[in-house]
Amino acid sequence: MNVSKSLLDRIGAFSSKSGGGKPPLRGRRLIVASVALLMLFPLLPFIDNYWVDVGFYFGIYALLGLSLNIVLGEVGLFDLGHTAFYAIGAYVTAILNTKFHIPILALLPFSALAAGLFAWLVTAPVIHLKGDYLCIVTIGIGEIVRLTMINNPFGLTGGPNGINGIDTPNLVVPIISSRQFYYLIWAIIGIIAFGLVRLQRSRVGRAWNYIREDETAAEALGVDVRHYKLAAFVLGAALAGIAGNIYASKQMSVSPESFTFMESSLLFCIVLLGGLGSIPGTMLGALAITVFPEIFRPFAKYRLMFFGLALLLMMIFRPAGFLPRLRESGETLRAALRGKRRLPAQAKNDEVQATPLAMAGQASPLLEVRGAELSFGGVSAVSCIDADVVRGRITALIGPNGAGKTTLFNLITGIYKPQKGKISFKGGKISGDSPHAIVRKGIARTFQNIRIFPSLTCLENVLCGQHCRGSAGFVASILRLPSQRREEAAMLSSADRCLERVGLAESADRLASSLPYGKRRYLEIARALAAQPDLIVLDEPSSGLNDGETADLAKLLLSLLADGVSILLIEHDMSLVDMVSDHVIVMQSGRKIAEGAMCDIRRDPRVIEAYLGSEED
Amino acid sequence: MSTFIEQLVNGLTVGSFYALVALGYSMVYGVMKLINFAHGDLFAFGAYLGYTILTSAAGKVTASIGIWGGMAFTAGIVAICVAAAGVLVERVAYRPVYPSGRLSLVVSALGVAIFIQNSIMAIWGSRPRAFPASVVPSLRFSLLGIPVTALQITILGISFALMFAIWMIVEKSTFGAAIRASALDRETATLLGIDVRKVIFFVFALGPGLGGVAGLMNGLYYRAISFNMGWNYGLKAFTATILGGIGNIPGAMIGGLLLGIVESLLSGYVSGAWKDVFVFLLLIAILIFRPTGILGEKTAEKV
């Protein structure tokens, strides 16, 4: 899903100014100062219990905000029912504690698990829905949960009045006072925020951002979109469940009125006010939401009115939020990776393989398309196509507009499934596989209408290709295991090499949206190369390039071929086809009409007719 | 059997409120690709405005032009005022935010919704208000053995007339073609010389205008109104919009009527308390099995 381009551009404009080098010292000092303030706040002499409680609820909203930020901020999924997961956490704690007297803190993992499991169950069937449709489903889920709590199924939830008499937690000493609760919630937030920052800087966090920027491109470049979306929901829900657990024990009661649609809207606003995907921003958003009503307490009747107005003004004057997420430079990523402990020296072969497997003189073609057919509502886009791509050659696919070339590409890369026929790659069947699995098997692509990730840096764009060559998951990324650090370092250097290859090394830390058009094409090629494909599939790579740029492109393609990457390209520029291709396939109206070397194709009457029209016309 | 038909008539009445509100959602969504969360609260605003007119000035007006005349007069004023409010919302809250993208628009819409809801509370108070019996026609009679009120018949008549009018405008008139074109592709419509601003003005006047009248009729029908009724009706009407196929005008009507009937039958035969749970489950099921709604058309994403 494309979150508004212009919003992303704005975030981009902000971070391209501050990109490069180490994180600004001022920023780091501000973080240290705010952490110190948070720790000292309840001890200040003029702070009474009332304000310590306000600080506690700020913590609850901060935690909920962080949990929604994963779903909404990192992945860009419209979740307007997030309170449901919070409610599940709170009710699981309330029910198990009052019925079986299990201690609150022992229920903390249960609440997280229950909320996460619930999220998995309810979002798995709907996770493919886009934008507003998913939004309305989450609203529905929120309402279903709230109404179920009110309806008191099996006498479990206590109906509209909820459940009373929940114990307070016991962590060595019983946690009762406002201050103790305050420190409990903020200690939990500290741990969680630490883990989330590490996730942001990992393969997982980047995969989330690729999905937010362009779901189709992410999937086509090897990201298992469904998996990462579900994982975001499950993790976000689990964190909300933790917030629910603490909230229930602080209140000593739960009732459905704490989990309304209004509450979900507030969480949504926290993330947007703070800045999509920004952890400090989300905290600031939570602060604004908690402190605002306190400041306007004297005007109790009008305060929500003012609040609505404030949301509106904020979106007019600062739509990217208080603290938009800054993208980090390659240098920062590397510095973070090195950390304090140096990694043990690694063997060279630990590095993710940079060049594809050496080509072997095999007789069978690399890619075989046999009788592939696809029609859209009776209109046949590709009919009964046979095509081979031989290893170590550049094969060009040409034909007039609407001939079905891009559709054939989409069949090969798994975006569409053929209705008939079979496509195999390196001897194994790939038709029917999902696009990200096909990338893993060794086919990477570019798009006709460029689909880069605009608000990420060029380096991050290229790292997307590397995604399918890595394996570090959530646990490895949060714990920053040696294997993960090694993998990450290898990915970074491999991505660097790919950028260098296409002449974009200088631009690594620039935002992709700031690149001129021609360079964006090269960035797409670098991104595809980073997947270490055996076959690279290029959809009109020269469109929009001038003659000089096209000549450079031809050189690049030939050098890739020399490195053992086979190439299949759709092209309208016949001079380029002439320069590079070993074999040409001509399509018209969904059918293959000719095939052979360019010099033969040129003389083929059917091809001439397809391009120029027959004489009778 | 007669309870069944009673439930059906009741469901149709409620469904016609949903349908009128859903029309507004659908038209705005079509052109702006925005869930206008303030729409439900404009519906509530219509109800309160009607209440004020009928209980204050209307004492005199109704006395002079009769109970039906008073109602028609009130409906006219409500439609105009709520339409004006709708246009104002677009100018103040959506137009300046539009370039910043859809997420910002959602927050802006939520902000306006909160603002309107709490303005209603600040003006009319947080306790529900009741329409006095004197302004509501109490005529009831039996139609083929089923007891119906004159009000029900009127509501159904007006709703269907309004829906038919909108349908004719959107499907048959030149301006309707402009609306549909803007909904399909705003940029291309602009390039073809369609004044999209005028289209937006129109949908933001017409949608809330209809919603306001629906709010008034809802108040007259149930007699009680509360400041936060907009959330619930808005949500239901939006569900109806999705049910019928978002951005699709006849779909919104069918979705609204169907939702009203389903709800009514569920509360009559299954359980009133679980009615809304079933409604939302139905919504989710429809989105899983037919994501484009009953009348929506499948659109393939171009890769």
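Remember, predicted model here, so these are calculated numbers, not experimental data.

Draft legend 1. Representation of the overall build of chain A in the model. Of the regular secondary structure elements, chain A holds 24 helices and 14 strands. Relative to a compact globule of 617 residues, whose C-alpha radius of gyration would be 25 Å, chain A shows 28 Å and is just as compact. Burial analysis of chain A (617 residues in total) assigns 52% to the buried set. In chain A, once contacts between residues fewer than 6 apart in sequence are set aside, the share between residues at least 24 apart is 77%.

Draft legend 2. Structural detail: the overall build of chain B. Along chain B, the regular secondary structure elements total 11 helices and 4 strands. Against the compact-globule benchmark of 19 Å for 303 residues, chain B has a radius of gyration of 19 Å, which places it among compact chains. Counting only C-alpha atoms and orienting by the principal axes, one finds that chain B spans roughly 60 × 45 × 35 Å. Burial status across chain B gives 51% buried among its 303 residues. When contacts within chain B are restricted to residue pairs at least 6 apart in sequence, long-range pairs at least 24 apart make up 78% of them.

Draft legend 3. The arrangement of the interface of chain A and chain B in detail. Residue-level contacts link 39 residues of chain A with 38 residues of chain B. When residues of the side of chain A that touches chain B are traced back to their parent elements, those giving at least two are α1 (5-18), α6 (131-151), α11 (261-274) and α13 (303-317) of chain A. Of the residues forming the side of chain A that touches chain B, the biggest block, 11 residues, is contributed by α6 of chain A. The class makeup of the residues in the side of chain A that touches chain B is 27 nonpolar, 9 polar and 3 charged.

Draft legend 4. Focus on unusual backbone geometry. Residue and element names in this part refer to chain A. In this structure, asparagine 152 takes a positive phi of about 55° despite not being glycine. Inspection of the secondary structure puts asparagine 152 in the loop between α6 and β1 (163-164). One non-glycine residue, serine 589, lies in the positive phi region at around 45°. Mapping serine 589 onto the fold places it in the loop between β13 (583-588) and β14 (591-596).

Draft legend 5. View of helix α6 (residues 174-184) of chain B. All names here are of chain B. Taken together, the buried positions of α6 are occupied by Ala178, Ile179, Ser182 and Ala183. Looking straight down α6, one finds its buried side chains confined to an arc of 135°; they lie on one side. Among the structural elements, α1 (2-32), α5 (150-172), α7 (186-191) and α8 (196-222) are those in contact with the buried residues of α6.

Draft legend 6. Quick peek at the confidence of the model for chain A. All names here are of chain A. Residues of chain A with pLDDT of at least 70 account for 91%, and the chain-wide mean is 87. Element-level pLDDT for chain A is lowest in α1, with a mean of 41, against a maximum mean of 97 in helix α10 (residues 225-251). Per-residue pLDDT stays below 50 along residues 1-22; that stretch engages in 58 contacts with residues further than four places along the chain or on separate chains. Within the model, the stretch residues 345-361 combines pLDDT values under 50 with 25 contacts to residues more than four positions away or in other chains.

Draft legend 7. Up close: the sheet that holds strand β5 (residues 367-376) of chain A. All names here are of chain A. A sheet is described by the order of its strands in space; here 4 strands give the open sequence β6-β5-β8-β9, paired in antiparallel fashion. One side of each edge strand has no neighbouring strand; the edge strands of this open sheet are β6 (379-389) and β9 (428-429). Note: β5 against strand β8 (residues 420-425), 5 bridges, orientation antiparallel. Looking at the pairing, glutamate 368 lines up with serine 424 of β8.

Draft legend 8. Here's a closer look at the pairing of strand β2 (residues 140-143) of chain B. Residue and element names in this part refer to chain B. Note: β2 against strand β3 (residues 146-149), 4 bridges, orientation antiparallel. Bridged to arginine 140 within β3 is threonine 149. In this antiparallel pair of consecutive strands, β2 and β3, the connection spans 2 residues, and leucine 144 shows a positive phi of 50°.

Draft legend 9. Spatial organisation of the sheet that holds β14 of chain A. Residue and element names in this part refer to chain A. One open sheet holds the 6 strands; their spatial order is β10-β11-β12-β7-β13-β14, and the pairing between them is mixed. Looking at which strands have only one partner, the edges of the open sheet turn out to be β10 (443-445) and β14. For this sheet, the mean inter-axis angle between neighbouring strands, taken without regard to orientation, is 20°. The sheet contact formed by strand β7 (residues 394-398) and β13 spans 4 bridges and is parallel.

Draft legend 10. Looking closely at the environment of asparagine 461 of chain A. Residues and elements named next belong to chain A. Here asparagine 461 shows up in helix α17 (residues 458-466). For asparagine 461, a count of 30 C-beta atoms within 10 Å translates into the label buried. Spatially, the C-alpha atoms of asparagine 461 and leucine 199 are 17 Å apart, while their sequence positions differ by 262 residues. Beyond its immediate sequence surroundings of up to four residues, asparagine 461 is in contact with Ile452, Phe453, Leu456, Ala512, Leu523 and Arg527.

Draft legend 11. Fine view of the packing of helix α4 (residues 83-100) of chain A against α10 of chain A. All names here are of chain A. At a minimum axis separation of 7 Å, α4 and α10 run at an interaxial angle of 45°. As far as their axial angle goes, α10 and α4 are oblique. Between α4 and α10 the crossing geometry is right-handed. Counting all contacts with α4, which are made through Phe85, Tyr86, Ala87, Ile88, Gly89, Ala90, Thr93 and Ala94, the residues of α10 involved are Ala237, Ala240, Gly241, Ile242, Ala243, Gly244, Asn245, Tyr247, Ala248 and Ser249. Split by residue class, the contact of α4 with α10 holds 12 nonpolar, 6 polar and no charged.

Draft legend 12. Representation of the confidence of the model for chain B within the structure. This prediction gives chain B a mean pLDDT of 87; 95% of its residues lie at or above 70. Both scores are given for the predicted complex: the pTM is 0.89, the ipTM 0.88.

Draft legend 13. Expanded view of the pairing of β8 of chain A. Residues and elements named next belong to chain A. As judged from the 2 bridges shared by β8 and β9, these two strands associate in the antiparallel manner. Among the inter-strand pairings, serine 424 is bridged to a residue of β9, identified as lysine 429. As consecutive antiparallel partners, β8 and β9 are separated by 2 residues, and within that stretch lysine 426 has a phi angle of approximately 50°, a positive value.

Draft legend 14. Looking closely at the packing of α5 of chain B against helix α10 (residues 249-269) of chain B. Residues and elements named next belong to chain B. The geometry of α5 relative to α10 is characterised by a closest axis approach of 9 Å and an angle of 160° between their N-to-C directions. By the angle between their directions, the pair α5 and α10 is classed as roughly antiparallel. The hand of the α5/α10 crossing is left-handed. Across the interface between the two elements, Met163, Ile166, Trp167 and Val170 from α5 touch Ile249, Pro250 and Met253 from α10.

Draft legend 15. Quick peek at helix α19 (residues 482-501) of chain A. All names here are of chain A. Between the first and last C-alpha of α19 there are 29 Å, a value that for 20 residues agrees with the 28 Å anticipated at 1.5 Å per step. Listing the buried residues of α19 in full gives Gln484, Arg485, Glu487, Glu488, Met491, Ser494, Ala495, Cys498, Leu499 and Arg501. Contacts made by the buried residues of α19 are with α14 (330-338), α17, α18 (474-479) and α20 (517-529). Where α19 ends, the next residue or the one after it, glycine 503, has phi of about 80°, a positive value.

Conventions and cut-offs
- Per chain, residue numbering runs from 1 following the sequence as it is written.
- Each chain gets a letter, beginning with A, and each ligand a number, beginning with 1, in the order they are written.
- pLDDT decides what is reported in this predicted model: residues at 70 or higher carry local features, side-chain atom pairs at 80 or more are listed and counted, and totals for whole chains, interfaces and linings draw on all residues regardless.
- Secondary structure elements are defined from DSSP: runs of H or I of at least 4 residues count as helices, runs of E of at least 2 residues count as strands, and each element is numbered from the N terminus.
- The quantity called the radius of gyration is restricted to C-alpha atoms. Its globule counterpart is 2.2 Å times the number of residues to the power 0.38.
- The burial label depends on the number of other C-beta atoms within 10 Å of a residue's C-beta. Counts of 20 or more mean buried, 12 or fewer mean exposed, and intermediate counts mean partly exposed, with C-beta atoms placed from the backbone.
- For the purpose of contact definition, each residue receives a C-beta atom placed from its backbone, and two residues are in contact when these atoms lie within 7 Å.
- As a working rule, the residues Ala, Val, Leu, Ile, Met, Phe, Trp, Tyr, Cys and Pro are called nonpolar, Asp, Glu, Lys and Arg charged, and the rest polar, with Gly in that last group.
- The directions from the helix axis to the C-beta atoms are what the arc is built from.
- The quantity known as pLDDT measures the predictor's confidence residue by residue, on a range of 0 to 100.
- Any two strands with at least two DSSP-identified bridges between them are counted as paired.
- Geometry is summarised by axes, namely lines fitted to C-alpha atoms with helices restricted to the contacting stretch, and by angles between N-to-C directions that run from 0 to 180 degrees.
- Any angle that falls under 35 degrees is termed roughly parallel, while one over 145 is termed roughly antiparallel, one within 65 to 115 roughly perpendicular, and all others oblique.
- Handedness of a crossing is defined here by the sense of rotation of the near helix relative to the far one, left-handed for an anticlockwise turn of less than a right angle and right-handed for a clockwise turn.
- To estimate the expected span of a helix, count its residues, drop one, and scale the result by 1.5 Å.

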